Amino acid sequence: MIDSIQVIDDILPWQNFAELAWNLMKSESYLPVDSTVNPSETDGSIDDFGMVDHPKQKIHEAVFCALLYQKYQNSNFISNVFLKHKVTLQKLYKKLGVTDLLNARVNCTTGQAEKYTSAYHTDFTDKTNHHTTAILYLNTNNGGTQFLEGNFIESRANRAIIFPNHIQHAGVWCTNKKLRFVANFNFF
């Protein structure tokens, strides 16, 4: 395993985690995105109303996202579910070492007949790249996170992985559950 990738199982007390995960997975604010991490993966389902033929794309190259928090220039977006779980999130931030949160979101992918791996990427691009990415798995399944260097971390409820933002990674869709949920945090 790459030394800069940290895996923490049972990062939160179970009661805190269960309430947070349940609310994040039941959020009413999921937005469908017809690509995964790269706009080139789109098939036009949304922007072109499916009327324009695009290069053949795999149907499962889609994700549902719920934005929890975003710090952008002089304004911030904070969702209601984010505010509702402020105390639990503060416990999580302390364990992750968060000093300045940039972005937080939940991604939901659908189960597949065969495992699918998204494009390799970094979650947040800036010129300095001196920040950190953390992924909190909200449910247990055989999907996970694949790192370009070869490491695979399987999705396990209440498991967090923490790594420098410049390390490229990809989401891996599961084959043993209908839905895979992860919360992503980008921070200093």
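For the structure itself, look to the data block above.
Residues numbered from 1 in each chain as written. Predicted model: local features only at pLDDT ≥ 70, side-chain atom pairs only at ≥ 80, totals over all residues. Heavy atoms only, no water.

Asker: Got a sec to walk through the overall build of the protein chain? Specific residues and values, please.
Answerer: Across its full length, the protein chain holds three helices and eleven strands. For the protein chain, the residues scored as buried account for 47% of the 188 residues in total. Taking all contacts inside the protein chain whose residues are at least 6 apart in sequence as the whole, residues at least 24 apart take part in 75%. (Helix = DSSP H or I, 4+ residues; strand = E, 2+ residues; numbered from the N terminus. Buried < 20%, exposed > 50% of the residue type's maximum accessible area, 1.4 Å probe, protein only. Contact = heavy atoms within 4.5 Å.)

Asker: So what's going on with helix α1 (residues 14–25)? Which residues, and what values?
Answerer: Spanning twelve residues, α1 covers 16 Å between terminal C-alpha atoms, matching the ideal 16 Å at 1.5 Å per step. Along α1, the positions that sit buried rather than exposed are Asn16, Phe17, Leu20, Ala21, Asn23 and Leu24. For α1, the angular spread of buried residues about the axis comes to 165 degrees, placing them on one side. In α1, the exposed positions that point more than 90 degrees away from the buried face belong to Trp14, Gln15 and Trp22. Buried-residue contacts for α1 involve β3 (63–72), α2 (80–84), α3 (86–96), β5 (101–110) and β6 (132–137). (Expected span 1.5 Å × (residues − 1). Arc of directions from axis to C-beta.)

Asker: Quick rundown of the nonpolar core? Include the residues and the values.
Answerer: Within the largest apolar cluster, 30 residues are counted, with the highest numbers of intra-cluster contacts made by Leu96, Leu101, Leu136, Leu138 and Phe185. Those elements that provide at least two residues to this core are α1, β3, α2, α3, β5, β6, β9 (159–164) and β11 (179–187). Setting aside anything within four residues of it in sequence, one finds leucine 101 in contact with Tyr69, Lys71, Phe82, Tyr93, Phe185, Asn186 and Phe187. With nine residues, the next largest nonpolar core counts Tyr137, Phe163, Ile167 and Val182 among its residues. (Core = buried A, V, L, I, M, F, W, Y, C linked by side-chain atoms within 4.5 Å.)

Asker: Run through the packing of aromatic side chains, naming residues and quoting values.
Answerer: Counted by the stated rule, this structure contains five aromatic pairs. On the numbers, 5.4 Å between centres and 25 degrees between planes, the contact of tyrosine 69 with phenylalanine 82 is stacked. You can see tyrosine 69 sitting in strand β3 and its partner phenylalanine 82 sitting in helix α2, a full 13 residues away along the chain. As far as the burial class goes, tyrosine 69 and phenylalanine 82 line up, both buried. Between the aromatic rings of tyrosine 93 and phenylalanine 185, the centroid separation amounts to 6.1 Å while the plane-to-plane angle is 75 degrees, which identifies the pairing as edge-to-face. A residue pair is termed long-range when its members are at least 10 positions apart, and tyrosine 93 in helix α3 and phenylalanine 185 in strand β11 qualify at 92 residues. Accessibility expressed as a relative area gives 8% for tyrosine 93, which makes it buried. Relative accessible area serves as the criterion here: at 1%, phenylalanine 185 is assigned to the buried category. (Phe/Tyr/Trp six-rings, centres within 6.5 Å; stacked < 30°, edge-to-face > 60°.)

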